[in-house]
Amino acid sequence: MEGPKIATILIPLLLLLLLTSTSALTTPTSKSSNLMNRYKFLSSSAATAFLGSSFIVLSTDPESCSAATEMNNKKKGIPTEIAVPAKERYLDYELEMKYGDGPDGNPRSRGVFVRRFTGDATPFSFPVSPVSLVKEWPEKPPFAKEDFFRADENDDGSFYTVPRFVYHIDEPAVASLTQYYRNNIPKKSDVLDICSSWVSHYPLEFTNTMGRISGTGMNALELIANDQLTDYKATDLNVEPKLPYDDASFDVVTCVVSIDYLIHPIEVLKEINRVLRPGGKVIISQSNRCFPSKAISMWLQMNDRQHLELINAYFQYAGGFEPRKAFDITADVPKNPYNDPMFIVEAVKKA
């Protein structure tokens, strides 16, 4: 797997990791084969080396870790005894991080339990309702420079230095997106997940049924922990809105609840168009959660419906896409008056 060499992670960084677990705007729950939940820091004797000396996957629940994706294990070097089972609602694992392992460091390791939402075996139902995109945008972008200002204009690299092994949307929203991907991404597709993290919300079987699954994101540590990626490249699209891939490399590009953070969204969509094959599609998902200090100014002044229209405008000005389609895929949750909404804007590259 590509990516920067993991060098030294200091103790204060890990302490901050604990403190930030509840800052991700949703319940701090997490992932599978390499998930991290910072409620419990511990070490374990059943350690298996994962992606070099800085990460160790630990089997903490033998029953929930006993079956599964052989292909994924081969890609990641993870033994079958801690493989990921299918059709489980949650996958509980422990991930150990090693820090201070540089030449002048004092090597230590700490482990954390994590929980991943699989999107399966839930009591939720998943309606898909079309949403009409009706706003007519002018020929040229009407946006001012100020529209893309953020409350926190400091370096994004500093903001994302500490890995956040948490979910930024609730379980029903995650499950609805997982089911949408299952029903709308053809098998054997080459897929790119931009603005990715330690989870991509893909169905578990995608590791076996898809071709290449690539990811870009701000934090290399999160990308390393994403067991569904076949390769990754840490990329700050706000510094350089270029994707590090050849033309026509992918069939599908996904972006989960992140377009609101992009200060060059039109340029990024042009890049997506470039790396897509003719007839390939983009799936942009959006909820109503965000880090308000990092979301762009005009996004914070809009409601959910207006967000969809804005994303549609970005596609229009990027060019090279068929007319977009939008959907409300918010999950129905029994006896629950509120859960996070989930919306999709999908576009197909012109042949």
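Just so it is clear, the model here is predicted, and its values are computed rather than measured.

**Points about the packing of aromatic side chains**
Okay, so step 1: Per the counting criterion, the structure on display carries 16 aromatic pairs.
Okay, so step 2: On the basis of an interplanar angle of 85 degrees and a centroid distance of 6.1 Å, the ring pair of Phe 143 and Tyr 317 is categorised as edge-to-face. Linking Phe 143 in the loop between strand E6 (129-131) and helix H3 (156-159) with Tyr 317 in helix H9 (residues 304-318), this pair joins segments that are 174 residues apart in sequence. For the pair shown, Phe 143 and Tyr 317 are each scored as buried.

**A few points about the sheet that holds E6**
Okay, so step 1: In spatial order, the strands read E6-E12-E13-E11-E10-E7-E8-E9; together these 8 strands make up an open sheet with mixed pairing. Unpaired on one side and paired on the other, E6 and strand E9 (231-234) mark the two borders of the sheet. Adjacent strand axes in the sheet meet at a mean angle of 20 degrees, parallel and antiparallel pairs treated alike.
Okay, so step 2: Note that strand E8 (residues 213-217) and E9 share 4 bridges and pair parallel. Opposite Gly 217, over in E9, you have Ala 234 as the bridge partner.
Okay, so step 3: Sitting on the sheet, helix H7 (residues 265-275) is in contact with strand E7 (191-194), strand E10 (250-256) and strand E11 (276-286), with an inclination near 140 degrees to E11.
Okay, so step 4: Contacts from H9 reach E6, E11, strand E12 (325-328) and strand E13 (343-348), with the element oriented near 15 degrees to E13.

**Some thoughts on the side chain of Gln 228**
Okay, so step 1: As for its placement among the helices and strands, Gln 228 is situated in the loop between helix H6 (220-224) and E9.
Okay, so step 2: Of the polar contacts made by the side chain of Gln 228, one reaches the backbone oxygen of Tyr 202; its length is 3.3 Å.
Okay, so step 3: There is a polar contact of 2.9 Å between the side chain of Gln 228 and the backbone oxygen of Pro 203.
Okay, so step 4: Residue contacts for Gln 228: discarding those within four places in its chain leaves Arg 116, Ser 200, His 201, Tyr 202, Pro 203, Leu 204, Thr 207 and Ile 213.

Calculation notes
- Residue numbers restart at each chain and count upward from 1, following the sequence in its written direction.
- Side-chain atom pairs in this predicted model are given and counted only at pLDDT of 80 or more, local residue features only at pLDDT of at least 70, and totals for whole chains, interfaces and linings cover all residues.
- Here the side-chain values reflect all heavy atoms present in the structure, with hydrogen atoms and water set aside.
- Stacked, tilted and edge-to-face are the three classes assigned to paired rings of Phe, Tyr and Trp, where Trp is represented by its six-membered ring and a pair needs centres within 6.5 Å; plane angles under 30 degrees give stacked, over 60 edge-to-face, the rest tilted.
- Elements are defined by DSSP. Helices are runs of H or I of four residues or more, strands are runs of E of two residues or more, and each kind is numbered from the N terminus.
- Relative accessible area decides the class of each residue, using a 1.4 Å probe on protein chains only: under 20% of the type maximum gives buried, over 50% gives exposed, and in between gives partly exposed.
- Paired strands, in this sense, are two strands between which DSSP finds at least two bridges.
- Whenever a helix is involved, its axis is fitted only over the stretch in contact; in every case the axis is a line through C-alpha atoms, and angles between N-to-C directions fall within 0 to 180 degrees.
- Residues count as neighbours in contact if any of their non-hydrogen atoms are within 4.5 Å of one another.
- Think of a polar contact as two N or O atoms within 3.5 Å of one another; within protein, one of them needs to be a possible hydrogen donor and the other a possible acceptor, and neighboring residues in sequence only count if both atoms come from side chains.

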